[in-house]
Amino acid sequence: QGHVRSDPQDVWRRRRSRPPAPAMEAVGGILAGASASAWGRFMDAADLFNGTFGSIVAVTGDAHQAAVAQDIFRQEVRIERSLRVREDIRDAHQLMIENVQTQLLMGNLVLGICFTVLIEGKPSDPERAPILVQELWAVCAVWSITLSFLSVWFALQFQTE
């Protein structure tokens, strides 16, 4: 029974066809487990990042919405304030017009009374009245007519502007 030498190709074929050694299987299993664990940790980290980023975006979005709402509210307050100021100005102008109309009415009445005093209020007997009374009557009548006429004229000028 002699020892038969086999050729190198035959040895190589036998080595390829035989099952892997248990040590190699263990190393492959450890590497597969480690890579699966690393992949799982990577996915957890990605989920954590996405969750955090989503929370930041949500908080930032809420803060932006709150800022926009606050800006809109401030603008509405400014508009209401300007409308109130406009109404106050309109009311003050209407009050001035009413005062001017009242001044015109009263001025016309006083002017009429002044003319009546000028015409009918003179001393009934000028020869018996002292000269000083006649002169004071004339000065006062002219002043009252002049000032009443100016008052009515100024009121008319104010009303037309």
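Look up a bit, the structure's there.
The rules behind each value
- Residues numbered from 1 in each chain as written.
- Predicted model: local features only at pLDDT ≥ 70, side-chain atom pairs only at ≥ 80, totals over all residues.
- Heavy atoms only, no water.
- Helix = DSSP H or I, 4+ residues; strand = E, 2+ residues; numbered from the N terminus.
- Buried < 20%, exposed > 50% of the residue type's maximum accessible area, 1.4 Å probe, protein only.
- Contact = heavy atoms within 4.5 Å.
- Areas by Shrake-Rupley, 256 points an atom, 1.4 Å probe, with all protein chains shown as cover.
- Salt bridge = Lys/Arg side-chain N within 4 Å of Asp/Glu carboxyl O.
- Expected span 1.5 Å × (residues − 1).

1. Quick notes on the overall build of the chain
Summing up its helical and strand segments, the chain has 3 helices and 0 strands in all. For the chain, the N- to C-terminal ordering of α and β elements is α-α-α. The buried share of the chain, reckoned over its 161 residues, is 7%. Contacts in the chain between residues far apart in sequence, at least 24 positions, make up 67% of those at least 6 positions apart. Looking at the chain as shown, the accessible area adds up to about 13,900 Å², and 65% of this sits on carbon and sulfur atoms.

2. Considering the pattern of salt bridges
Here the structure, examined in full by the defined rule, presents 2 salt bridges. Put simply, Arg 74 and Asp 71 hold a salt bridge, and the shortest N to O gap is 3.7 Å. With a gap of 3 residues between them, Arg 74 and Asp 71 both fall in helix α2 (residues 22-120), about one helical turn apart. For Asp 71, a relative accessible area of 43% corresponds to the partly exposed category. A salt bridge links Asp 125 to Arg 128; the shortest N-O distance between them is 3.9 Å. You can call Arg 128 exposed: its relative accessible area is 72%.

3. What to know about helix α3 (residues 131-160)
Its 30 residues give α3 an end-to-end C-alpha distance of 43 Å, which sits within 8% of 44 Å, the value for a rise of 1.5 Å per residue. Buried within α3 are the following residues: Ala 141, Ile 145, Ser 148, Val 152 and Ala 155.

4. A short note on the environment of Leu 118
Turning to its location among the elements, Leu 118 is positioned in helix α2. Residue classification places Leu 118 among the partly exposed positions, given a relative accessible area of 29%. Separated by 23 residues in the primary sequence, Leu 118 and Ala 141 place their C-alpha atoms 5.7 Å from one another. Once you skip the residues sitting within four places of it in the chain, Leu 118 turns out to touch Trp 137, Ala 141 and Ile 145.

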